[in-house]
Amino acid sequence: MNMQTGMKLSVAEMALCEAYDHAVGELPGDAAVLTARDGLISEFKAGGLPTRRIEDWHYTDLKALLRTLPDRAPVASAARVEPLVEGSTVLSVENGLVAGDFSLPGVEVRALAETLADGSAAAGLSARNRDDLIGKINGAFVRGGFALDVPAGAALEKPIELQTVQNGGQTHARFPVAFGAGSTATVIERHLALGEGAAFVTTLSDVTLDDNADVTWIILQAQGVTDTHFGQVRIRLGAGSKLRLYVVNAGGKLVRQEVHVEVAGEEADFILRGINLLGGDTHNDLTFTAAHNVPHTTSSEIIRNVVFDRAHGVFQGQICVAQDAQKTDAKMSCNTLLLSDDADFSAKPELEIFADDVQCGHGATVIDIDHTQLFYLMARGIPENRARAMLVNAFVAEIVEELEDEPLVEALEAVIDRWLEKHA
Amino acid sequence: MLEIKNLHARIAEDGTEIIRGLNLTVKAGEVAAIMGPNGSGKSTLSYILSGREDYEVTEGEILYNGESILELDPSERAAKGIFLAFQYPVEIPGVATMQFLKVAMNEQRKARGEDELTTPEFMRRVKEAAAELKIEQSMLRRPLNVGFSGGEKKRAEILQMSLLEPKLCILDETDSGLDIDALKIVADGVNALRSPDRAIVVITHYQRLLDYIVPDAVHVLYKGQVIKSGDKTLAHDLEANGYADIIGDAA
Ligand SMILES: Nc1ncnc2c1ncn2[C@@H]1O[C@H](COP(=O)(O)OP(=O)(O)OP(=O)(O)O)[C@@H](O)[C@H]1O
Ligand SMILES: [Mg+2]
């Protein structure tokens, strides 16, 4: 498979092309899906992995960072684990595939493979733009996942957990989820590794909220120390809808999670809270774009990063306010607790505003542990290490507590505690 | 219990000397009041006693039960029984008050080789102490000191003190910000802790608190030194005449 440009392929690029050649025969999909897949892989071949010269990837030079790919096949079997929040309904993708029966009372659920086979998924298999590496790779390779349709007015009591779990190998999963008008739900998208085998995982969630839907969506990424994880969530918000999106990164070796939001209906409200727990030799990138396209919408983004060891963190946040989108209220902040001299964090918040009557702002701070707070805790007999751990925890717990859903808050705090115990 | 000898201390960052040859002795069982004009070094002294790193001791000694504490960090001093009720208690968003109390009590117990408290026992103690100080349970469910009113913060400090049962209690302007009823409640809380094996140092500007917590000794701090010591009548003199005469005599 030579590229027309004659550009030399890197080992990882070559591995991706070869993986596609081997996989394509067994990937589900009708003719339209196959055409879309072929189109995406040739787009990939034309551009290769993005380098720092591509603006969207400036801080995450994939050509340099992604050197090799694990084999497509998993190292060993993988079975779903207990849900994060007790009582949730789990829909799992195990080693890349939907296993066994599944059902979700009150919601129309189909295995993604079915929607690929009948061609209804073909339209979604597209890249957002020329530099949408995750869209390309996921669209070309996607196999497992679920398509959910939450009926208008449904009030789902129990959380839905969309779980991907694998033991090494390559997983490409997708979750198109449509929330009908006025529906309410909590969805936990959870990505986990079992065992030691290196994994390469891409996931893409396509989330639409119809008018007045009210949704809490949690992305908990807890991959293994040798794993590469590329996640993307595409969101479209209807009038009066509200989405609380939490992204918690607590694992992986090379991670990029993208969040792309189109605020398309008046009075829509979008909230993003990001918690990035970084340690070891990891590279973690949270990239966010929001397009406020109509008047009277709000968005608020708070990103909290805790960075230990030699970890590199990235946050890119771009808020675009269209000319017609008067009275937009958008606020973005990125706060980093840098706990090692060898760690670093790059934050690039951007506002592009074409309307004149808006309230928009952004800020980025890098801080150390507050010494007055540390002294106060120690003056009560709490030893320095424990006091520091409490303050690091507090820095992110503040964000989690905003959820006001006790079982969910407790579950996320437990994840954070466990991570901090291992790294602090 | 506490012996401070010719103490000199400066701000670590810029070297400004704040405590300039201070001598003070407080015996077990005693309540000592420290008074003095704004900026004389009272809070600085309390921070140095609790081991705050922002200050450097350049000369002199602090002996607690006969042993120097200068090499101990704040948590080690606290475990040995030194407690400072802060003039400005620190807000810590994200740390739940109850969790903080539990960790503090258990860490001190661990440091002293005692068993950790069970959760029911911990809850019982907090409930009881909070009731004494008329502290609402809802306040304890909030993050530590966050959004507490000035008076609530001071009461929360005394709650911590009752629960931790320290041996040397230093109260830095605990009366400021308290309404009349709260002052009485807090004073009762402090008086309940008076005992022959415990010393209490009360930093205050006003006689009013000393009407409730009657001191055995009163010391006047000025420019980093104790310039006069006396019994409780000294506080009455100060209330009536101000500091001018004493400062003049010392000069
Ligand atoms: N960390 C610091 N940095 C700069 N100046 C300091 C610092 N700590 C103390 N000082 C200065 O040292 C002096 C003594 O301050 P301190 O707070 O001890 O006074 P105080 O007697 O407690 O006063 P008040 O009655 O107003 O509470 C003041 O002039 C103060 O500005
Ligand atoms: Mg003071």
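Described below are features of the structure shown in this document. (Residues numbered from 1 in each chain as written. Chains lettered and ligands numbered in written order. Predicted model: local features only at pLDDT ≥ 70, side-chain atom pairs only at ≥ 80, totals over all residues. Heavy atoms only, no water.)

Focus on the side chain of Glu-107 of chain B
Rules: Secondary structure counts use DSSP, requiring at least four H or I residues in a row for a helix and at least two E residues in a row for a strand, with both numbered from the N terminus. Under the rule applied, a polar contact is a pair of N or O atoms within 3.5 Å (in protein, one hydrogen donor and one hydrogen acceptor; residues adjacent in sequence only if both atoms are side-chain atoms).
Relative to the helices and strands, Glu-107 of chain B resides in helix 3 (residues 97-111). Side-chain polar atoms of Glu-107 of chain B contact the side chain of Arg-386 of chain A, separated by 2.6 Å.

Considering the packing of aromatic side chains
All names here are of chain A. So the rule is basically this: Each pair of aromatic rings taken from Phe, Tyr and Trp, with Trp reduced to its six-membered ring, is defined by centres within 6.5 Å and is described as stacked if the planes are under 30 degrees apart, edge-to-face if over 60, and tilted in the remaining cases. Throughout this description, buried means an accessible area under 20% of the type-specific maximum (1.4 Å probe, protein chains only), exposed means over 50%, and partly exposed covers the range between.
Tallied over the entire structure, the rule returns twelve aromatic pairs over all chains. When the ring of Phe-200 is compared with that of Phe-230, the centres are 5.7 Å apart and the planes differ by 90 degrees; the resulting orientation is edge-to-face. One end of the pair, Phe-200, is in strand 8 (residues 199-209); the other, Phe-230, is in strand 10 (residues 228-237), with 30 residues separating them in the sequence. Comparing Phe-200 with Phe-230, the two get one shared label, buried.

Looking at the pattern of salt bridges
All names here are of chain B. Filter applied, for reference: The term salt bridge refers to a pairing of a side-chain nitrogen on Lys or Arg with a carboxyl oxygen on Asp or Glu at a separation within 4 Å.
Overall, the coordinates contain 35 salt bridges over all chains when judged by the stated rule. Where Glu-56 meets Arg-10, a salt bridge forms, and the shortest distance between an N and an O atom there is 2.9 Å. One end of the pair, Glu-56, is in strand 4 (residues 55-64); the other, Arg-10, is in strand 1 (residues 2-11), with 46 residues separating them in the sequence. With relative accessibility at 32%, the residue Glu-56 sits in the partly exposed group. For Arg-10, a relative accessible area of 33% corresponds to the partly exposed category. Arg-125 serves as the salt-bridge partner of Glu-121, at 2.8 Å between the closest nitrogen and oxygen. Taken as a pair, Glu-121 and Arg-125 lie in helix 4 (residues 119-132) at a separation of four residues, close to a single helical turn.

Quick look at the site of ligand 1
Residue and element names in this part refer to chain B. What counts, and what does not: Whether a residue is near a molecule or strand is decided by its heavy atoms; if any one of them lies within 4 Å of it, the residue is near. Note on areas: Shrake-Rupley, 1.4 Å probe, and residue coverage restricted to the protein chains presented here. For this classification, Asp, Glu, Lys and Arg are treated as charged, while Ala, Val, Leu, Ile, Met, Phe, Trp, Tyr, Cys and Pro are nonpolar and the rest, including Gly, are polar.
Near ligand 1, the surroundings consist of 14 residues, among which Lys-42, Ser-43, Thr-44, Tyr-55 and His-205 are the closest. Backbone polar atom of Ser-43 to an oxygen atom of ligand 1: 2.8 Å apart, as the coordinates give it. In this structure, a nitrogen atom belonging to ligand 1 sits 2.7 Å away from a side-chain N or O atom of Tyr-55. With the chains in place, 62% of the 630 Å² that ligand 1 exposes on its own is no longer accessible. Among the elements that make up the shell around ligand 1, the one with the highest residue count is helix 1 (residues 42-50) (three residues). In the shell around ligand 1, the residues fall into four nonpolar, eight polar and two charged.

Looking at the interface of chain B and chain A
For clarity, the cut-off: The contact definition used throughout considers only heavy atoms, calling two residues in contact when any of these lie within 4.5 Å. Put simply, buried area is the surface a 1.4 Å probe can reach on two separate parts but cannot reach once they are joined, added for both.
Chain B puts 32 residues into the contact, and the matching count from chain A is 19 residues. In this assembly, chain B packs against chain A so that about 2,100 Å² is buried in total across both faces, 68% of it on carbon and sulfur atoms. Its salt-bridge partner being Arg-386 of chain A, residue Glu-107 of chain B comes within 2.6 Å of it at the nearest N-O pair. For the interface between chain B and chain A, the tally reads eleven residue pairs in polar contact (both at pLDDT 80 or more). Residue assignment for the side of chain B that touches chain A shows that the elements contributing at least two residues are helix 1, helix 2 (74-79), strand 6 (82-85), strand 7 (92-96), helix 3 and helix 6 (150-164) of chain B. For the side of chain B that touches chain A, the element with the most residues is helix 3 of chain B, which contributes seven residues. Considering only residue class, the side of chain B that touches chain A consists of 18 nonpolar, eight polar and six charged.

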